[in-house]
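Here is how the chains run, residue by residue.
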Amino acid sequence: MDFNYTEEQLMIQKAARDFAQSELLPGVIERDETETFPTEQIKQMGELGFLGMMVDPKYGGSGLDTVSYVLAMEEISKVDASASVVMSVNNSLVCWGIQTYGSEEQKEKYLPRLASGEIIGAFCLSEPEAGSDATSQKTTAIDKGDHYLVNGTKNWITNGKTASVYIVIAQTDVEKRHKGINALIIERGAEGFEIGPKERKMGIRGSDTHSLMFNDVKVPKENRIGEDGFGFKFAMKVLSGGRIGIAAQALGIASGAYELALKYSKERKSFGTEISNHQAIAFKLADMAVNIEAARHLCMKAAWDKDNGNNYDVSGAMAKLFASQTAMDTAIEAVQIHGGNGYVREYHVERMMRDAKITQIYEGTSEIQKIVISRSVING
């Protein structure tokens, strides 16, 4: 494994950093306070190629590797985790899922618009009684011959109101359990498809999270992804890749909070010197730097595994587990280093602390990642 980035990867990293600093940073506190979706910024991200980074150029994407995607996700997440979660869902779950497992007709119909940001996508798995337990789907997709009739409710859906394309995981044959689940593409505006109120969240408040209701929604058979009964396997493979994106988001939150804390420690004085000169603060900064570097290596290992055709279920789980804990720990310490200023909004770190928590919850909680890892450790 080469620890040096290519010139192209470094260019992508710089482009993401420049965009985050110039376009995302100026209004990020206001968007958080007002819970406003970053519509214009997401449109710009699409124009720059950040919404279809791994999509094949023949479908309008950037055709980049996963390492480049992680680098860009980190830079965007340093500034605005609400924007980066939109980027993550569109890239890791929707575009990659359709490109890898969809039919040629589905790829041609949806990928160019998703990659350009003309439309964005949503991934609909979680339910009131089926979050991490994907086998307990209550949403049904009854086979009616040339179409499915979908009924049920999905919870905690990122891009719930702003998406135009929804990948919905639903149960077709209860007797077959996980082998009776399908993944269906449902378009916004379908008859019987309703969007619930926006969730009022602790963090990533600029992203829109909604419940979705399906009442006898008619879905053509050609909108099924893969063969009949492939939905559970599809969801698990897509989520494995999604964990790399969320790990990168957590890494970005951590590194962003660390950079702010380091800068502040060199400016703030107490007892006649900058607080960075006090061992108590210096040791905090050292611990933060070590954990962030370790998280970065785990993220890059998972990305490298994916790019090289290796199994990345475990490396992705490890990256997400460690990076999300690092994000939480680093953000808390960044607030502590800022003292009273860390508790007010204008210094950013309190928002980062709130944003960090969700990285331990979505794409499977930390406990789920430990199950994936422990099974690998125990069973070899």
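Note that this is a predicted model, so its numbers are computed, not measured. Residues take numbers from 1 onward in each chain, read along the sequence in its written order. Owing to the predicted nature of the model, reporting of local features is limited to residues with pLDDT of at least 70; listing and counting of side-chain atom pairs is limited to 80 or more, with chain, interface and lining totals taken over all residues. Side-chain descriptors were evaluated using all non-hydrogen atoms of the structure, hydrogens and water having been removed beforehand.

Draft legend 1. How the structure looks around the overall build of the protein. A run of H or I in DSSP becomes a helix once it reaches four residues, and a run of E becomes a strand once it reaches two; helices and strands are each numbered from the N terminus. Along its length, the protein carries eleven helices and nine strands. This radius of gyration counts C-alpha atoms alone. The globule rule is 2.2 Å times how many residues there are, raised to the power 0.38. In summary, the protein has a C-alpha radius of gyration of 21 Å against a globular reference of 21 Å for 380 residues, a match within 12%. The principal-axis extent of the C-alpha atoms belonging to the protein is close to 80 × 45 × 40 Å. For the protein, with 380 residues in total, the buried portion stands at 54%. Here the analysis covers contacts within the protein between residues at least 6 apart in sequence; of these, 73% occur between residues at least 24 apart. A 1.4 Å probe and the Shrake-Rupley method give the accessible areas. Residues count as covered only by the protein chains that appear here. Entry remark: accessible area of the protein is about 16500 Å², with carbon and sulfur atoms responsible for 51%. Burial classification: accessible surface area is computed with a 1.4 Å probe over protein chains only, and a residue below 20% of its type maximum counts as buried, one above 50% as exposed, and the rest as partly exposed. By definition in these notes, contact holds between two residues if any of their heavy atoms fall within 4.5 Å.

Draft legend 2. Here's a closer look at helix H4 (residues 66–79). For H4, which comprises 14 residues, the first-to-last C-alpha distance of 21 Å matches the rise-based estimate of 20 Å (1.5 Å per residue) to within 8%. Here H4 lies mainly inside the structure; 14 of its 14 residues are buried. One less than the number of residues in a helix, times 1.5 Å, gives the span that helix is expected to have.

Draft legend 3. Seen up close, the state of the cysteines. The disulfide definition used here is simple: a pair of cysteine sulfur atoms within 2.5 Å. Counting across every chain of the model gives zero disulfides. Left unpaired, cysteine 95 is separated from the closest cysteine sulfur, that of cysteine 124, by 15 Å. You can call cysteine 124 buried: its relative accessible area is 0%.

Draft legend 4. Region of interest: the pattern of salt bridges. What counts as a salt bridge is simple: a side-chain nitrogen of Lys or Arg found within 4 Å of a carboxyl oxygen of Asp or Glu. Tallying each qualifying case throughout the model produces 20 salt bridges. Here aspartate 80 makes a salt bridge to arginine 31, at a shortest N to O gap of 2.9 Å. With aspartate 80 in the loop between H4 and helix H5 (81–101) and arginine 31 in helix H2 (residues 28–34), this residue pair connects regions lying 49 residues apart in the sequence. Across the pair, arginine 31 and aspartate 80 agree in class, each one buried. Through salt bridges that share partners, Arg17, Glu75, Lys78 and Glu259 make up one connected network.

Draft legend 5. Quick look at the side chain of threonine 359. Its location among the elements puts threonine 359 in the loop between helix H10 (349–358) and helix H11 (366–379). The exposure class assigned to threonine 359 is buried, which follows from its relative accessible area of 0%. The term polar contact refers here to a pair of N or O atoms within 3.5 Å; inside protein, the definition further demands a hydrogen-donor-capable atom paired with an acceptor-capable atom, and it admits residues adjacent in sequence only when both atoms are side-chain atoms. A polar contact is formed between the side chain of threonine 359 and the backbone oxygen of alanine 356, at a distance of 2.6 Å. If we ignore the near neighbours within four places in the chain, the residues touching threonine 359 are Ile246, Gln249, Ala250, Ile253, Lys320, Ser324 and Ala327.

Draft legend 6. Molecular detail of the environment of threonine 140. Secondary-structure assignment places threonine 140 in strand S2 (residues 140–143). Other than its neighbours up to four places away in sequence, threonine 140 contacts Leu149, Val150, Asn151, Ala170 and Gln171.

Draft legend 7. Quick peek at the pairing of strand S1 (residues 121–124). Residues Gly121 and Phe123 of S1 are buried on one face, and the alternating residues Ala122 and Cys124, pointing to the opposite face, are buried as well. When DSSP finds two or more bridges between a pair of strands, those strands are recorded as paired. Taken together, the four bridges between S1 and strand S4 (residues 165–171) define a ladder with parallel strand orientation. Bridging from a neighbouring strand, cysteine 124 pairs with valine 168 of S4.

Draft legend 8. How the structure looks around the environment of cysteine 124. Within the secondary structure, cysteine 124 sits in strand S1. Spatially, the C-alpha atom of cysteine 124 lies 35 Å from that of tyrosine 343, the residues being 219 residues apart in sequence. Not counting residues within four places of it along the chain, the set of residues in contact with cysteine 124 comprises Lys154, Ile157, Tyr166, Ile167, Val168, Ile169 and Leu212.

Draft legend 9. Layout of the side chain of arginine 243. Along the polypeptide, arginine 243 turns up in helix H7 (residues 231–267). In contact with arginine 243, not counting residues within four places along its chain, are Gly316, Lys320, Glu363, Ile368 and Gln369.

Draft legend 10. Inspection of the pairing of strand S7 (residues 209–220) at higher detail. Where strand S3 (residues 147–158) meets S7, nine bridges bridge the pair, whose relative direction is antiparallel. Among the inter-strand pairings, valine 150 is bridged to a residue of S7, identified as valine 217.

Draft legend 11. Broad picture of the nonpolar core. Joining through side-chain atoms within 4.5 Å is the link that ties buried Ala, Val, Leu, Ile, Met, Phe, Trp, Tyr and Cys residues into a set, and such a set is a nonpolar core. Counting 108 residues, the largest nonpolar core has Met87 and Phe123 as the members making the most contacts within it. With 16 residues, H7 is the single largest residue contributor to this core. With residues near it in sequence (within four places) discarded, methionine 87 still touches Met45, Phe50, Leu51, Met53, Tyr69, Ala72, Met73 and Ile76.

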